[in-house]
Amino acid sequence: MSQINKLKILNDPIYGFITIPDTLIYDLVQHPYFQRLRRISQMGLSYLVYPGAHHTRFHHALGCMHIMQKAVEVIRFKGTEISKEEERALYVAILLHDIGHGPFSHAMEHSIVEDVNHESISLLFMDKLNAEFNGELSLAIQIFKGDYHRKFMLQLISSQLDMDRMDYLKRDSFYSGVAEGNINSDRLIQMMTVVEDVLVIEEKGIYSVEKFLMARRLMYWQAYLHKTSLVAELILTKVLKRAKELTQKGIVLNCSASLSFFLQNKITLESFDDATLDLFAQLDDFDIISALKNWQSHDDYVLKSLSRMIINRDLLKIKISEEKFSQEDADVYITTFAKLNNISLHDAGYFVYKGKIKNQAYNKEAEPIRIYKKDKSIEDVVTASDQLNIKALTKPVTKFYICFPKVLAEN
């Protein structure tokens, strides 16, 4: 097969045409591990709130690679050398940065696998692919892990102003219709440069950075932490926990072989061998939705009721407050619901939960977004900005929630 056929052009509603720059990238995109991302939604269950939010992680990963191409072009133009190998490694690292996400992402990290985060699984996938591609991903992995001596390269992949955030804000805003999240990624990238191995934004780009941080704050409250998305994700976590509890008692549940494996076994990072990784690579949103559809008619009251809630979008009631909810508040709901349905307190606990959500648009403890001033000094964006609200964005805002069955709201 001629190499020319591998230099594809894809059409993207956000950026127009995206080019696949070389044959290695093409082969990675074609790999089953990467193709799986077509079957994993970028915004989890947010489509229950925003019907347009059905875009996938496949979309997002390609978008990130596209803006990384633009960033490399701008940084080179401004005099920073980036070799061909480094350029390719940056594209590979950003392309694969989310490859370890499971179906409905964050719900999986707390129920199917035992606190194994998607970054760790991404690295396992990268190592496996590196072996398949005869070490061609080694430099990308080094950059991704932060082990490469040119620190600005990691900042492009993972920082408070990286290609990942730039793409998902713009993309999620577009597909959800939440206009407040729309950012000017072109302008931000044009303002990037590297000074003493550090990624900085030229002073005249400061307003674009302010808009970016504001957009991030608004997207979190309006989309990612929207109370309906939040309660749906919590219910999904509980469905999977219940499924795991029943399976481990020897009850056979109707679901795909790969999902069944994760329900039967306690999987930690240590036990994530090659065979487990291949089974994980078989898992996507369709396994979960299909299982929920089957479980709607199961004998188990908890599994059946929670599955129906998600399939029919008839969710639990959720209250959000500035004040913390007490354990007594939760216990009253649990006791009442247990009596009402003649179920145990343990089972009723699957329908009542409390917790907190936190939103911090800019973290002062993390590596700062640096502004490169005209006098060649470098300042944290918080100091450089004359906008008082940027300082406010550094304060974490915490809200508390409690979820309980709607029937109790009426009593």
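Attention in this report is confined to the structure presented alongside it. (Residues numbered from 1 in each chain as written. Predicted model: local features only at pLDDT ≥ 70, side-chain atom pairs only at ≥ 80, totals over all residues. Heavy atoms only, no water.)

On to the overall build of the protein, then. When you go through the protein residue by residue, the secondary structure sums to 21 helices and 9 strands. Whereas a compact globule of 411 residues would reach a radius of gyration of roughly 22 Å, the protein reaches 23 Å, a difference of no more than 12%. The principal-axis extent of the C-alpha atoms belonging to the protein is close to 70 × 55 × 35 Å. When the 411 residues of the protein are sorted by exposure, 55% land in the buried category. Of the contacts made within the protein by residues no fewer than 6 positions apart, 71% connect residues no fewer than 24 positions apart. Averaging the locations of the 50 positively and 53 negatively charged side chains of the protein gives two centres separated by 5 Å. (Helix = DSSP H or I, 4+ residues; strand = E, 2+ residues; numbered from the N terminus. Rg over C-alpha atoms; globule rule 2.2 N^0.38 Å. Buried < 20%, exposed > 50% of the residue type's maximum accessible area, 1.4 Å probe, protein only. Contact = heavy atoms within 4.5 Å. Lys, Arg positive; Asp, Glu negative; His and termini not counted. Charge placed at Lys NZ, Arg CZ, Asp CG, Glu CD.)

This part takes up the pattern of salt bridges. Counted under the stated rule, the structure contains 20 salt bridges. The partner of K373 in a salt bridge is E379, with the nearest N and O atoms 3.2 Å apart. In this structure, a network of salt bridges that share partners links the residues R242, E245, K249, D300 and D347. (Salt bridge = Lys/Arg side-chain N within 4 Å of Asp/Glu carboxyl O.)

The next point concerns the packing of aromatic side chains. Per the stated rule, a full pass over the model turns up 12 aromatic pairs. A ring pair is formed by Y168 and Y224, whose centres lie 5.9 Å apart and whose planes are at 80°; its orientation type is edge-to-face. A residue pair is termed long-range when its members are at least 10 positions apart, and Y168 in helix 9 (residues 163-176) and Y224 in helix 11 (residues 206-224) qualify at 56 residues. Exposure remark for Y168: the relative accessible area of 12% places this residue in the buried category. Taking relative accessible area as the criterion, Y224 reaches 22% and is therefore assigned partly exposed. For the ring pair Y220 and Y224, a centre distance of 4.8 Å and an interplane angle of 70° mean the geometry is edge-to-face. With Y220 and Y224 both in helix 11 and 4 residues apart, the pair spans about one turn of that helix. Cluster of aromatic residues (ring-pair linked, three or more members): Y33, F125, F261, F262, F272 and F280. Here the basic side chain of R38 rests over the ring of F58, its NZ or CZ set 3.9 Å away from the ring centre. (Phe/Tyr/Trp six-rings, centres within 6.5 Å; stacked < 30°, edge-to-face > 60°. Lys NZ or Arg CZ within 6 Å of the ring centre and 35° of its normal.)

Further remarks concern the packing of helix 12 (residues 227-248) against helix 13 (residues 257-264). Closest axis-to-axis distance for the helix 12/helix 13 pair is 8 Å, and the angle between their directions is 75°. Relative to helix 13, the element helix 12 is oriented roughly perpendicular. Residues L240, A243, K244, T247 and Q248 of helix 12 lie in contact with helix 13, whose contacting residues are F262, L263 and Q264. Of the residues belonging to the contact of helix 12 with helix 13, the class tally is 4 nonpolar, 3 polar and 1 charged. (Axes fitted to C-alpha atoms, helices over the stretch in contact; angles between N-to-C directions. Parallel < 35°, antiparallel > 145°, perpendicular 65-115°, else oblique. Nonpolar A, V, L, I, M, F, W, Y, C, P; charged D, E, K, R; others polar.)

All told, the structure shown has 2 cavities of 30 Å³ or more when counted by the stated rule. A volume near 100 Å³ is recorded for the largest cavity. For the lining of the largest cavity, the element with the most residues is strand 4 (residues 198-202), which contributes 3 residues. Residue composition of the lining of the largest cavity, by class: 6 nonpolar, 3 polar and 2 charged. Approximately 40 Å³ is the volume attributed to the second largest cavity. Lining the second largest cavity are G100, H101, G102, S105, M108, E109, V113, V116, H118, I121 and F280. Listing elements by their share of the lining of the second largest cavity, those giving two or more residues are helix 5 (106-109) and helix 6 (118-132). (1 Å grid on protein atoms, 1.4 Å probe; cavity = no way out; pocket = protein on both sides within 12 Å on 5 of 7 lines; lining within 4 Å. Points joined across faces, edges and corners; volume = space filled by probe spheres on them.)

What follows deals with unusual backbone geometry. Positive phi outside glycine occurs at N134, with the angle close to 50°. Structurally, the position occupied by N134 is in the loop between helix 6 and helix 7 (138-145). For N134, a relative accessible area of 71% gives the class exposed. Backbone geometry at D197 places phi at a positive 65°, although glycine is not the residue there.

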